[in-house]
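# Examination of the molecular architecture
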Amino acid sequence: MKLKKGDNIIMLSGKDKGKTGTVSAVLPNLNKMVIGGLNLIKKNVRARKQGQKSQIISKERPVSISSVALMCKSCGKPTRVGFSIAEKSKIRICKKCGAEV
Ligand SMILES: [Zn+2]
């Protein structure tokens with residue numbers, strides 16, 4: 001997984017295309033991630049007991065990793081992530097400006 005929790009991303013497809021958000025959970029098995037406040041689905045919750053009201057709640061639906069791009073903090077552009085092996089530890093770099101992300 002090239003992205004991790006807390007990364008700032010931009011949506012590349014879907015109804016939230018162009019919007020930015022923060023990764024709130026990563027689902028590596030599914031190649032998907034949950035972006036806080038984006039790709040919401042409305043869910044109808046029916047009242048089960050008397051006195052309860054049915055309500056519509058919004059829930060984030062996981063998005064495919066291929067439909068998001070990382071926002072580079074240093075050049076402020078959506079970018080692909082590259083890896084650079086420095087001193088045995090992998091660091092992620094912006095392919096546009098070369099800064100560590
Ligand atoms: Zn950059």
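Keep in mind that what you see is a predicted model, and the values were worked out from it rather than measured.

Right, let's talk about the overall build of the protein for a bit. The number of helices and strands found in the protein is zero helices and 10 strands. Starting at the N terminus and ending at the C terminus, the protein contains elements arranged as β-β-β-β-β-β-β-β-β-β. Against the 2.2 N^0.38 benchmark of 13 Å for 101 residues, the protein shows a C-alpha radius of gyration of 17 Å, more extended than a compact globule. Expressed as lengths along the three principal axes of its C-alpha atoms, the size of the protein is roughly 65 × 25 × 20 Å. The buried share of the protein, reckoned over its 101 residues, is 25%. Summed over its atoms, the accessible surface of the protein is roughly 7,200 Å², and 49% of this surface lies on carbon and sulfur atoms. Separation of charge centres in the protein, based on 23 positive and 5 negative side chains, amounts to 11 Å.

Another point: the pattern of salt bridges. Going through the model one piece at a time under the given rule, you end up with two salt bridges. A salt bridge links Arg92 to Asp7; the shortest N-O distance between them is 2.9 Å. Residue Arg92 is found in strand β10 (residues 89-94), and its partner Asp7 is found in the segment before β1 (8-11); the two are separated by 85 residues along the sequence. Asp7 shares its class with Arg92; the two are buried.

Next up on the list: the coordination of the zinc ion. With distances of 2.3 Å, the protein atoms coordinating the zinc ion are Cys72 (SG), Cys75 (SG), Cys94 (SG) and Cys97 (SG). Considering all four donor atoms around the zinc ion, the spread of angles at the metal, 104 to 117°, places the coordination shape in the tetrahedral class. The sequence motif formed by the donor residues of the zinc ion is C-x2-C-x18-C-x2-C. Here the residue Cys75 occupies a position in the loop between β7 (68-71) and β8 (78-79), and Cys97 occupies one in the segment after β10, the gap between them amounting to 22 residues.

Residues annotated in UniProt with the feature "domain: KOW" (unreviewed entry) correspond here to residues 2-29. As a span, residues 2-29 carries 0% helix and 43% strand, and end to end its C-alpha atoms are 13 Å apart.

This paragraph deals with the layout of surface pockets. Taken as a whole, the largest pocket spans an internal volume of roughly 240 Å³. Around the largest pocket, the lining residues are Lys2, Leu3, Leu12, Ile65, Ser66, Val68, Ala69, Leu70, Thr79, Arg80, Val81 and Lys95. Per-element accounting of the lining of the largest pocket gives the leading share, three residues, to β7. Considered class by class, the residues forming the lining of the largest pocket number seven nonpolar, two polar and three charged.

Summarising the model, the protein shows a mean pLDDT of 89, and 96% of its residues fall at 70 or more. Mean pLDDT across the secondary structure elements of the protein bottoms out at strand β9 (residues 81-86), with 79, and peaks at strand β2 (residues 20-27), with 96.

Rules and cut-offs
- By convention here, each chain's residues receive numbers from 1 onward along its written sequence.
- Per-residue local features of the predicted model are confined to residues with pLDDT of at least 70, and side-chain atom pairs are confined, for both listing and counting, to 80 or more; whole-chain, interface and lining totals are unaffected and use all residues.
- Just so you know, side-chain values use all the structure's heavy atoms and leave hydrogens and water out.
- Think of it this way: any DSSP run of H or I at least four residues long counts as a helix, any run of E at least two long counts as a strand, and we number them from the N terminus.
- Radius of gyration means the value over C-alpha atoms here, while the globule rule gives 2.2 Å times the residue count to the 0.38 power.
- With a 1.4 Å probe rolled over the protein chains alone, any residue whose accessible area is under 20% of its type maximum counts as buried; one over 50% counts as exposed, and the rest are partly exposed.
- Throughout, the Shrake-Rupley method with a 1.4 Å probe supplies accessible areas, and for residues the shown protein chains are the sole cover considered.
- His is not counted here, nor are the chain ends, while Lys and Arg score as positive and Asp and Glu score as negative.
- Here the site of a charge means NZ on Lys, CZ on Arg, CG on Asp, or CD on Glu.
- We define a salt bridge as a side-chain nitrogen of Lys or Arg found within 4 Å of a carboxyl oxygen belonging to Asp or Glu.
- As a rule, N, O and S atoms within 2.8 Å of a metal are its donors, except that Na, K and Ca use 3.2 Å; water is not among the atoms, so sites may look incomplete.
- Site shape is set this way: if four donors have all angles between 85 and 135 degrees, tetrahedral; if opposite donors are over 155 degrees apart and all others between 65 and 115, square planar for four donors and octahedral for six; otherwise irregular.
- UniProt positions are given in the numbering used here, feature names are shortened, and annotations may be inferred rather than shown by experiment.
- A pocket here means an open set of points on a 1 Å grid, computed over the protein atoms alone, that has protein on both sides within 12 Å along at least five of seven lines. A cavity is instead a set of points where a 1.4 Å probe fits but cannot get out; residues with an atom within 4 Å of a point line either one.
- Grid points are joined across faces, edges and corners, and a volume is the space filled by probe spheres set on the points.
- Here the term charged refers only to Asp, Glu, Lys and Arg, the term nonpolar to Ala, Val, Leu, Ile, Met, Phe, Trp, Tyr, Cys and Pro, and the term polar to all other amino acids, Gly among them.
- pLDDT is defined as a per-residue confidence score from the predictor, taking values between 0 and 100.

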